[in-house]
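Per-entry structural report
So the chains spell out like this:
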Amino acid sequence: ILCAMLVWSYLYNARSVGLMHTLPITRTGLFVTNFLSGMAMMLIPYAVTGLLCILISLAYGGFDAVSLLVTILCVLGESFFYFASATFVAFMVGNVFALPAVYFLLHFLAVLLDWLLSMFAGNFIFGLDKWYSGVVEWLSPTVYLENHVCVNSTYETITTQTSLTGAYSETNRLTAVSMENFWLIGVYALVGVAFLALAYVLYTRRRSESAGDVVAVGWMKPVFRFGLAALAALLGGQALYALFWSNFQDGRYYDLLPMTVCMLVAGAIGYYAASMLLAKSLRVFRGSWKGLALVAAGCVALCCVLRFDLLGVSRRVPEASQVEKLEFYAADNTYRLY
C-alpha cells in the first residue's frame, strides 16, 4: 500500500495530475511505467534478502533449489496480487488518505461483515450461532491465506545409545518439507490480473478533475454512501444497544424497538458522514431525506426479518446424521453434547 501511495500520488493533486497528463506520454505508458516502478520497489529488497538467504543456506548446507523456487513463486504471486489490488483501489479513490483506508477495508470487509451479521442475527434468532462462520473468508485474502496455506514438515525419530552409560536418547531429524495449498497463491495471482485489467479500464476513463475526491468513480459514490451507512448501522447500532439498553433487557435476545432505534441513529451518522466526505462540505442536510429514508427502511426491514424469523431459520430441524454438536441452555447453564 505504501508503494501504491508513492507511485500513484500524482492522481490526488490537481496540479500534479494536470502536469502528468499533458506530458507527451499516453495513459497506457504511465500505467505500465508506474506499475513496474511499484513492483520494483518491492522486488529490490526481496532480491537482497533472497541473496542473503541463499548465502546462509549454502554456508549451513541447507540449500535446496526446489524450496528456493517455491519461495520465489510465493513471494512474487502474493506481491503481485496485493500491489494489483492496491492499484485497483488507487483508481477508485481520489484522495491519498482514502487509499489506505479503502484498501484495508476491502481486504477485511468480508470477515468484518461475517462477524457483525453472525452476532447480529444470532442475538435475534433462537438457536443460531453468534460467532464468526468463515463462509466467505476467501473474500479476505490475508485471513484466508493465513489459515489455509502452511508449511508441513516431516521428521524422523532417531534413537541412539551411548556406549559409556548405555542410556538411550531420541532426536528428530527433518526428512521432508512441503507447502500445503500452494495453488491458492496462484489463484489470487490470477485475481490480481483481473484487478490490474479493471484498474487500467478505470484509468483510461478517469477524469483528471476527480483529484481530491474521496471516490473518483461516479457510479461508486452511492455504493460508498449507503455502504458506509449500512456498516455504521450494524457496528454502531450494536455498540449503542450494548451501551444504553442491554442492561435493561429481560432475555438473551435483542429487543426489536430499542435495537431499531440504535441502528437508525448509527445509520444516520454513517450516512451523513459519507455524504460530507463525498461533498467535501458540511452542508449536506438539505434534500437528504430520501436517502435517509432508504437507510431507515433498510434498518427496519432487517430487524423485522430477523425478529420474526421470516426466513424460518429457527424452525429448521437438521437430520440426525447432520448433527455434530448440541447445545442446551437452561437455568443460566449451558450444556454441550458432541
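Reading guide: rules and limits
- Residues numbered from 1 in each chain as written.
- Predicted model: local features only at pLDDT ≥ 70, side-chain atom pairs only at ≥ 80, totals over all residues.
- Heavy atoms only, no water.
- Pairing = 2+ DSSP bridges.
- Helix = DSSP H or I, 4+ residues; strand = E, 2+ residues; numbered from the N terminus.
- Salt bridge = Lys/Arg side-chain N within 4 Å of Asp/Glu carboxyl O.
- Buried < 20%, exposed > 50% of the residue type's maximum accessible area, 1.4 Å probe, protein only.
- Axes fitted to C-alpha atoms, helices over the stretch in contact; angles between N-to-C directions.
- Left-handed = near helix turned anticlockwise from the far one by under 90°.
- Nonpolar A, V, L, I, M, F, W, Y, C, P; charged D, E, K, R; others polar.
- Core = buried A, V, L, I, M, F, W, Y, C linked by side-chain atoms within 4.5 Å.
- Contact = heavy atoms within 4.5 Å.
- Phe/Tyr/Trp six-rings, centres within 6.5 Å; stacked < 30°, edge-to-face > 60°.
- Patch = residues over 30% accessible without salt bridge, like charges linked within 9 Å, V, L, I, M, F, W, Y side chains within 5 Å.
- Areas by Shrake-Rupley, 256 points an atom, 1.4 Å probe, with all protein chains shown as cover.

Structural notes on the pairing of strand S2 (residues 168–180)
In terms of strand pairing, strand S1 (residues 150–161) meets S2 through twelve bridges, oriented antiparallel. Counted as the bridge partner of Ile158 is Thr171 from S2. Counted between consecutive antiparallel strands, the loop separating S1 from S2 contains six residues, among which Gly166 sits at a positive phi close to 80°.

Structural notes on the pattern of salt bridges
It is possible for side chains of opposite charge to pair when their charged atoms get near one another. The tally for this structure, following the rule as stated, stands at four salt bridges. Between Glu156 and Arg173 there is a salt bridge, with its nearest N and O atoms 2.7 Å apart. You can see Glu156 sitting in strand S1 and its partner Arg173 sitting in strand S2, a full 17 residues away along the chain. Of the residues examined, Glu156 reaches a relative accessible area of 35% and is grouped as partly exposed. Glu209 is the partner of Arg207 in a salt bridge, and the nearest nitrogen-oxygen pair spans 3.9 Å.

Concerning the packing of helix H8 (residues 221–244) against helix H9 (residues 256–279)
Between H8 and H9, the shortest axis-to-axis distance is 6 Å and the interhelical angle comes to 145°. The two elements H8 and H9 meet at a crossing, and its hand is right-handed. Tallied by class, the residues present in the contact of H8 with H9 amount to 19 nonpolar, six polar and two charged.

A short note on the pairing of strand S3 (residues 326–330)
Relative to strand S4 (residues 333–337), S3 runs antiparallel, the two being bridged by five bridges. Looking across to S4, one finds that Ala330 is bridged to Asn333. Adjacent in sequence and paired antiparallel, S3 and S4 are bridged by two residues, among which Ala331 carries a positive phi angle near 55°.

Side note on the nonpolar core
Of all hydrophobic cores here, the largest spans 37 residues; its most connected members are Trp8, Leu11, Phe83 and Phe91. For this core, the secondary-structure elements that each account for two or more residues are helix H1 (2–7), helix H3 (27–59), helix H4 (65–92), helix H5 (98–122) and helix H7 (183–204). The element best represented in this core is H4, accounting for nine residues. Other than its neighbours up to four places away in sequence, Leu11 contacts Val17, Ala90, Phe91, Tyr203, Arg206 and Ala211. Ile125, Ala233, Tyr241 and Tyr272 belong to the second largest nonpolar core, which has 21 residues in total.

Observations concerning the packing of aromatic side chains
Per the stated rule, a full pass over the model turns up 25 aromatic pairs. Each ring, one from Phe226 and one from Tyr271, has its centre 5.8 Å from the other, and the planes form 45°; the classification is tilted. Within this pair, whereas Phe226 is found in helix H8, its partner Tyr271 is found in helix H9, the two being separated by 45 residues in sequence. For the ring pair Tyr272 and Phe285, a centre distance of 4.8 Å and an interplane angle of 45° mean the geometry is tilted. With Tyr272 in helix H9 and Phe285 in the loop between H9 and helix H10 (289–307), the pair connects residues that are 13 residues apart, well separated along the chain.

Section: the environment of Gly166
Examined against the element boundaries, Gly166 turns out to sit in the loop between S1 and S2. Once the C-alpha coordinates of Gly166 and Phe248 are considered, the two residues, 82 residues apart in sequence, prove to be 72 Å apart.

Here's the deal with a nonpolar patch on the surface
Residues Leu69, Leu73, Val151, Tyr155, Leu174, Val177, Met179 and Phe182 make up a contiguous nonpolar surface patch of about 730 Å² in total accessible area. For the nonpolar patch, the secondary-structure elements that each account for two or more residues are H4, S1 and S2. The element that contributes the greatest number of residues to the nonpolar patch is S2, accounting for three residues. With respect to the helices, strands and loops of the structure, Tyr155 is situated in strand S1.

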